Protein chains: 2
Amino acid sequence: MSRPERVSGPTRERIAEAVRITGYTLNQAARSLRQRTARTILVALPDIGNTFFSTILDAIEREAALRGYGVLVVNRIAGDVSGRRLHEYFLSNRADGLLLLDGALALAPLLVLTQAPANVPLVMACEAIPDAPFHAVRTDNIYAAEVATRHLIGLGHRRIGHIQGPPGNVLTTERQTGFTNALAASGLTAQPEWILAGGFTMERGVAAAEQFMALRERPSAIFAANDEVAIGFLSGLRRHGLECPRDISVVGFDDLAVATHVWPPLTTMRQPREALGRLAAEALIDLIEGKPPSRVPKHTVLSSELIVRASTAPPPSVSTPLSAAS
Amino acid sequence: MSRPERVSGPTRERIAEAVRITGYTLNQAARSLRQRTARTILVALPDIGNTFFSTILDAIEREAALRGYGVLVVNRIAGDVSGRRLHEYFLSNRADGLLLLDGALALAPLLVLTQAPANVPLVMACEAIPDAPFHAVRTDNIYAAEVATRHLIGLGHRRIGHIQGPPGNVLTTERQTGFTNALAASGLTAQPEWILAGGFTMERGVAAAEQFMALRERPSAIFAANDEVAIGFLSGLRRHGLECPRDISVVGFDDLAVATHVWPPLTTMRQPREALGRLAAEALIDLIEGKPPSRVPKHTVLSSELIVRASTAPPPSVSTPLSAAS
DNA sequence: CAAAATCGTGCAATCGATTGCATTACATTC
DNA sequence: GAATGTAATGCAATCGATTGCACGATTTTG
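Conventions used here
Residues numbered from 1 in each chain as written. Chains lettered and ligands numbered in written order. Predicted model: local features only at pLDDT ≥ 70, side-chain atom pairs only at ≥ 80, totals over all residues. Heavy atoms only, no water. Helix = DSSP H or I, 4+ residues; strand = E, 2+ residues; numbered from the N terminus. Buried < 20%, exposed > 50% of the residue type's maximum accessible area, 1.4 Å probe, protein only. Contact = heavy atoms within 4.5 Å. Areas by Shrake-Rupley, 256 points an atom, 1.4 Å probe, with all protein chains shown as cover. Lys, Arg positive; Asp, Glu negative; His and termini not counted. Charge placed at Lys NZ, Arg CZ, Asp CG, Glu CD. Near = heavy atom within 4 Å. Polar contact = N/O pair within 3.5 Å; in protein donor to acceptor, adjacent residues only side chain to side chain. Nonpolar A, V, L, I, M, F, W, Y, C, P; charged D, E, K, R; others polar. Axes fitted to C-alpha atoms, helices over the stretch in contact; angles between N-to-C directions. Parallel < 35°, antiparallel > 145°, perpendicular 65-115°, else oblique. Left-handed = near helix turned anticlockwise from the far one by under 90°. Domains from an automatic or database assignment. Buried area = accessible area lost by both parts, 1.4 Å probe. Pairing = 2+ DSSP bridges. Core = buried A, V, L, I, M, F, W, Y, C linked by side-chain atoms within 4.5 Å. Least-squares fit on C-alpha atoms with pLDDT ≥ 70 in both. Salt bridge = Lys/Arg side-chain N within 4 Å of Asp/Glu carboxyl O.

A word on the overall build of chain A
Counting its regular elements, chain A contains 10 helices and 12 strands. With the C-alpha coordinates aligned to their principal axes, the bounding extent of chain A is approximately 80 × 40 × 35 Å. Here chain A holds 326 residues, and 53% of them are scored as buried. Within chain A, contacts between residues separated by at least 24 positions form 74% of all contacts whose residues are at least 6 apart in sequence. As presented, chain A carries roughly 14,100 Å² of accessible surface, and 54% of it is formed by carbon and sulfur atoms. Each charge class in chain A was averaged separately, 33 positive and 31 negative side chains, and the resulting centres sit 5 Å apart.

So, the protein's contact with DNA strand D
As a matter of local geometry, DNA strand D sits amid 18 residues, with Thr11(A), Arg34(A), Arg36(A), Tyr24(B) and Arg31(B) nearest to it. Each atom of DNA strand D within 4 Å of the protein was assigned to sugar, phosphate or base; sugar and phosphate come to 71%. One of the side-chain N or O atoms of Thr11(A) is found 2.3 Å from a phosphate oxygen in DNA strand D. Measuring from a phosphate oxygen of DNA strand D, one finds a backbone N or O atom of Asn27(B) at 3.3 Å. If one sorts the elements of the surface near DNA strand D by residue count, helix H2 (residues 28–35) of chain B sits on top with four residues. Here the surface near DNA strand D is composed, by residue class, of six nonpolar, six polar and six charged.

Digging into the packing of helix H3 (residues 51–66) of chain B against helix H10 (residues 273–289) of chain B
All names here are of chain B. Contact geometry of H3 with H10 gives a least axis separation of 7 Å together with a crossing angle of 45 degrees. The pairing of H3 with H10 is recorded here as oblique in orientation. Between H3 and H10 lies a crossing of right-handed hand. Contacts between H3 and H10 involve Thr51, Phe52, Thr55, Ile56, Ala59, Ile60, Arg62, Glu63 and Ala64 on the former and, on the latter, Arg273, Glu274, Leu276, Gly277, Arg278, Ala281, Glu282 and Ile285. Of the residues contributing to the contact of H3 with H10, the split by class is eight nonpolar, three polar and six charged.

Focus: the domain arrangement of chain A
All names here are of chain A. Domain parsing of chain A yields domain 1 (20–138 + 273–301) and domain 2 (141–272). A straight line from the C-alpha centre of domain 1 to that of domain 2 covers 32 Å. Across the contact, 12 residues belong to domain 1 and 11 residues belong to domain 2. Approximately 990 Å² of surface area, both sides summed, lies buried where domain 1 meets domain 2, with 50% of it carried by carbon and sulfur atoms.

Side note on the sheet that holds strand S7 (residues 195–196) of chain A
In any sheet, the strands associate via hydrogen bonds between backbone groups, in a parallel or an antiparallel arrangement. Residues and elements named next belong to chain A. The six strands are arranged S7-S6-S8-S9-S10-S12 in an open sheet whose pairing can be described as mixed. The open sheet terminates on both sides in strands that have one partner only, identified here as S7 and strand S12 (305–307). In the sheet, strand S6 (residues 160–163) pairs with strand S8 (residues 221–224) via four bridges, with the strands oriented parallel. Paired with Ile163 across the two strands is Ala224, which belongs to S8. Sitting on the sheet, helix H6 (residues 141–154) is in contact with S6, S8, strand S9 (249–254), strand S10 (267–270) and S12, with an inclination near 160 degrees to S9.

So, the side chain of Ser92(A)
Along the chain, Ser92(A) turns up in the loop between helix H4 (84–91) and strand S3 (97–100). The buried category is assigned to Ser92(A), whose relative accessible area is 10%.

So, the nonpolar core
Among the nonpolar cores identified, the biggest contains 108 residues, and Ile41(A), Phe212(A), Phe233(A), Ile41(B), Phe212(B) and Phe233(B) are the most heavily contacted of them. If sequence neighbours within four positions are ignored, Phe212(B) has contacts with Leu196(B), Arg218(B), Pro219(B), Ile222(B), Phe233(B), Leu237(B), Leu242(B) and Ile248(B). Among the nonpolar cores identified, the runner-up in size contains 44 residues, and Leu86(A), Tyr89(A), Ile77(B) and Leu110(B) belong to it.

Topic: the protein's contact with DNA strand C
The immediate surroundings of DNA strand C are formed by 19 residues, with Tyr24(A), Arg31(A), Thr11(B), Arg34(B) and Arg36(B) found nearest. By atom count, sugar and phosphate contribute 71% of the portion of DNA strand C lying within 4 Å of the protein. Asn27(A) has a polar backbone atom sitting 3.2 Å from a phosphate oxygen of DNA strand C. Measuring from a base oxygen of DNA strand C, one finds a side-chain N or O atom of Arg34(B) at 2.9 Å.

Some points on the relation of the copies chain A and chain B
Once chain A has been moved 0.0 Å along the axis and rotated by 180 degrees, it coincides with chain B to within an RMSD of 0.0 Å. Such a turn and shift between the copies fits a two-fold axis. When C-alpha distances to the rotation axis are compared across chain A, the minimum falls at Leu72(A), with a value of 2.2 Å.

Thoughts on the interface of chain A and chain B
Tallying the contact residues gives 48 residues for chain A and 48 residues for chain B. Both sides of the chain A and chain B interface together cover about 3,900 Å² of buried area, and 58% of this is carbon and sulfur. Together, Glu61(A), Arg94(A) and His261(A) form the three largest contributors to the area buried by chain A at its contact with chain B, with a combined 16%. Here chain A and chain B share four salt bridges between them. Its salt-bridge partner being Arg85(B), residue Glu61(A) comes within 2.8 Å of it at the nearest N-O pair. Remark: the boundary between chain A and chain B carries 24 residue pairs in polar contact (both at pLDDT 80 or more). Contributions of two or more residues to the side of chain A that touches chain B are made by helix H2 (28–35), helix H3 (51–66), strand S2 (70–75), H4, helix H8 (202–213) and helix H9 (227–239) of chain A.

Considerations on the side chain of Asp255(B)
Residue and element names in this part refer to chain B. Note that Asp255 resides in the loop between strand S9 (249–254) and strand S10 (267–270). Reaching out from Asp255, the side chain makes a polar contact with the side chain of Arg270 at a distance of 2.7 Å. Polar side-chain contacts of Asp255 include one of 3.1 Å to the side chain of Arg309. Beyond its immediate sequence surroundings of up to four residues, Asp255 is in contact with Asp227, Thr268, Met269, Arg270, Arg273, Ile307 and Arg309.

A few points about the environment of Arg14(B)
All names here are of chain B. Mapping Arg14 onto the fold places it in helix H1 (residues 9–22). When its relative accessible area of 61% is taken as the criterion, Arg14 is described as exposed. For the pair Arg14 and Leu86, spaced 72 residues apart in the sequence, the C-alpha separation amounts to 43 Å.

Next up, the structure:
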């Protein structure tokens, strides 16, 4: 069944006919055993419940199905420090490759997994562990954060703060770096207390709002590490009577579907989630099926796009923005 | 390895030791082939990208992992009318059971799947196909819709409308039935044009808002089939300058995480999503591992809870609500 | 103490598709 | 026509864990 080109045309037809009549279907377990292949990829996520990831998972599943692969999911892998759970899937031959959407895992167990003798094909998506020798499909977070921050500067804001992502996450570092870069390029700096502890959840956004309200001197604009934390932040501010964008401007990151529908509609950096998922799945399956992978891990870098909505406006004191058009 | 009780204590220890030294792990493909079992369940979803489902998937994955099962996901199965894709997973022995979260599938192919000779264990979750002989874990949608509608009536609303779910979905019918029941019990009826075409997405909610704005006589309150459509509806109304709850009250359904953080925070029926997912996975795995299933399919019915937030208030004209406390 | 029952271990067959080699049939070349 | 080559088919071995039976050792029972 796996190499029909070996038999002649007529015979192939006879076989197809027999398959039709008897309703034969290939037993995947037997094939897996013999071929040492599972036609399945394992997708490891930090949190399926998060729309950001579930949309990407959607794209992954679609691409994988097209190429005849099943998709196994493991969620909340962060707790699995030793990578034990992931290892088991491969040692037991249940999956052919790993698509990793969590940059917070320990590097060592992953190296063990990808190097001889295991040699598990691995592609990281969205969150790439820095300097790790893995293929990755990601966006340029530093640059995108610069664009977001420049947007605020362009509107005339001078006191600009940042809500961080979760501690220890690559994206947190990158987005904050872009933020700082953009400020520096305009000769601005953020007070240390304007860097608010955050995370990637709405609850953390609410907490950041409390932290914000307690500030002596408040920024007039905030660049939030993602949409969820931005939405929570806005919701928290509202309880204190602050209004966006009248009192404060907020930029998010991701462009979740809900970002257009909250009030005010959120200005944000749109990440090409569909493409991220699709390309990552493609890359992984190519790696699985292809020749031995090139020694240098390839990074595919997609770009994000600024989507301007109503959550950003010139600061209260400035009536004529310096370069709002940019 | 699969029945350690067959060997004596000392021997078992020696084996454990050998496993440790050699780093042996069981080849799942070989076991699957011999045992005709995959230790994997297949979860079929209408849309992973939707938070509602992804949260449930989260719970399913957790429960499955506890019991040593992997989770394969198939998304957007609605397009697969013949059930071909689902069939293949079982014919090829890749999964031991099916957890179906989509009530919109054709019944016939599912019956073929669950009956001899295939006999695939199947549990439906959330959306149970009516009168189908399958086990199910679900909530009482009719009753919950009644509760939601009664809440509006209790606030003093008399002109109450409904945004429907997607056509052909069980939940659409059930929630509308509960809505109509509650009105009838209070001697009220909804004008036919107050029943707005909707769906389960924010986009449909925006469209429903347009439909709403075009009405001659507008309801003072709306019961929406779910939170997403409610959020889209509110967002659409805002563009026309209508304010909630001043001009209109809205009740949603599901209690998505974002429901607290939109403006105004949404009054909604909370569905126990974590429990739905967990119990469904439990039921399915019991079915897979257990004795031949009882001939009568069992429905586990969980209840939803009214969460009152700021999107509902007495109607503009009524200053003293009749029984707002209820 | 013999007979019966129980327990533990060893062994060969099995699940079903794939794989590479051996064999046969047929076409091509000198 | 013989020799060489190619294409198609047949066949047995293989992947690795499980399964049930057979056998020997040990304990229980009459």
